[in-house]
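Here's the letter readout for the chains.
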Amino acid sequence: MSRVGQKSISLPDKVSINLTSQGGVSVEGPKGKLEWQLPTGISVEQADTTLTVKRENDQRRVRALHGTARSLISNMVEGVSAGFTKELEIQGVGFRAAVKGDKLDLSLGKSHPILHPIPEGITVTVTENTKIKVEGTDKQVVGQFAAEVRNYYP
């Protein structure tokens, strides 16, 4: 049995969830709205302010997705209620960062500045020219953006 998949998810105040018959999950809260499609064989049951992720059989593929589905739904609930944050710091003499419109401008000692596009739903702030703060509701998008920025100068 999946230890992660069996845990219930508690919904905080001001967070609502909408479950469709086709397996769609929509979570809405003060920070925004996220949607996701459940994989085949996984279902979600709601009782008041708790959610339980169930699987229909014990096939290997369905068992593998049980805990993953529960974690993704839990991250959606946390994202729309509190949000996710990654903090990056640029270290190096003369290295700096700035936000220009919908792009992050990085000067990392190369012959040209690097303009990295900021995805929709992400807020990027730069303080002291070297500290980058990435905020958003979707954990995967926030983490992917931070990894891409980190990859420019490992």
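Along each chain, residues carry numbers from 1 onward, in the same order as the chain's sequence is written. Residues qualify for local features only when their pLDDT is at least 70, as the model is predicted, and side-chain atom pairs are given and counted only at 80 or more; totals for whole chains, interfaces and linings, by contrast, use all residues. The basis for every side-chain value is the complete set of heavy atoms in the structure, and neither hydrogens nor water enter the calculation.

**Brief notes about the side chain of S26**
As a reminder of what qualifies: The secondary structure listing takes helices from DSSP runs of H or I that are at least 4 residues long and strands from runs of E that are at least 2 residues long, numbered from the N terminus. To sort residues, take the accessible area from a 1.4 Å probe on protein chains only and compare it with the maximum for the residue type: under 20% means buried, over 50% means exposed, and anything in between is partly exposed.
Residue position: S26 is located in strand β3 (residues 24-29). Residue S26 is classed as buried on the basis of its relative accessible area of 14%.

**Points about the sheet that holds strand β9 (residues 103-107)**
Hydrogen bonds between backbone groups are what pair the strands of a sheet, and the pairing can be parallel or antiparallel. How we decide: DSSP calls a pair of strands paired once it identifies at least 2 bridges connecting them. Between N-to-C directions, angles span 0 to 180 degrees; the directions come from axes that are lines fitted to C-alpha atoms, helices contributing only their stretch in contact. Only heavy atoms enter the contact rule, under which two residues are in contact if any of them lie within 4.5 Å.
Read across the sheet, three strands follow the order β8-β9-β10 without closing on themselves; strand pairing throughout is antiparallel. Of all the strands in the sheet, the pair left with one neighbour each is β8 (96-100) and β10 (114-117). In this sheet, adjacent strand axes meet at a mean angle of 25° when their direction is disregarded. The pairing of β8 with β9 spans five bridges and is antiparallel. Within β9, the residue paired with K100 across the bridge is K103. Helix α3 (residues 139-152) rests against β9 and β10 of the sheet, and its axis sits at about 170° to β10.

**Side note on the environment of K54**
With respect to the helices and strands, the residue K54 is situated in strand β6 (residues 50-55). Residue classification places K54 among the partly exposed positions, given a relative accessible area of 35%. Excluding its chain neighbours within four sequence positions, the residues that come into contact with K54 are G41, I42, S43, E45 and H66.

**Points about unusual backbone geometry**
Even without being a glycine, K14 presents a positive backbone phi close to 70°. Inspection of the secondary structure assignment puts K14 in the loop between β1 (9-10) and β2 (16-19).

**Observations concerning the pairing of β2**
Regular strands have side chains that alternate between both faces of the sheet. Where β2 meets β3, four bridges bridge the pair, whose relative direction is antiparallel. For S16, the partnering residue across the bridge sits in β3 and is E28. Here β2 hands over to β3 after four residues, with G23 in that stretch at a positive phi of 100°.

**A closer look at the nonpolar core**
We apply this condition: The definition of a nonpolar core used throughout is a set of buried Ala, Val, Leu, Ile, Met, Phe, Trp, Tyr and Cys residues joined through side-chain atoms within 4.5 Å.
Counting residues in each nonpolar core, the largest one holds 18 residues, and the members touching the most others are V25, V27, L51 and I73. No other element matches the six residues that helix α2 (residues 60-81) contributes to this core. The contact partners of V27, leaving out residues within four places of it in the chain, are V15, S16, I17, G32, K33, L34, M76, V77 and V80. Of all hydrophobic cores here, the second largest spans 17 residues; its members include I90, L106, L108 and V142.

**Thoughts on the sheet that holds strand β7 (residues 84-89)**
What the three strands build is an open sheet, ordered β7-β12-β11; its pairing is antiparallel. Looking at strand neighbours, the two that pair on one side only are β7 and β11 (122-127), the edges of this open sheet. Ignoring strand direction, the axes of neighbouring strands in this sheet form an average angle of 15°. For β11 and strand β12 (residues 131-136), the ladder comprises six bridges, and the chain directions are antiparallel. Note that in β12 the partner of T123 across the bridge is E135.

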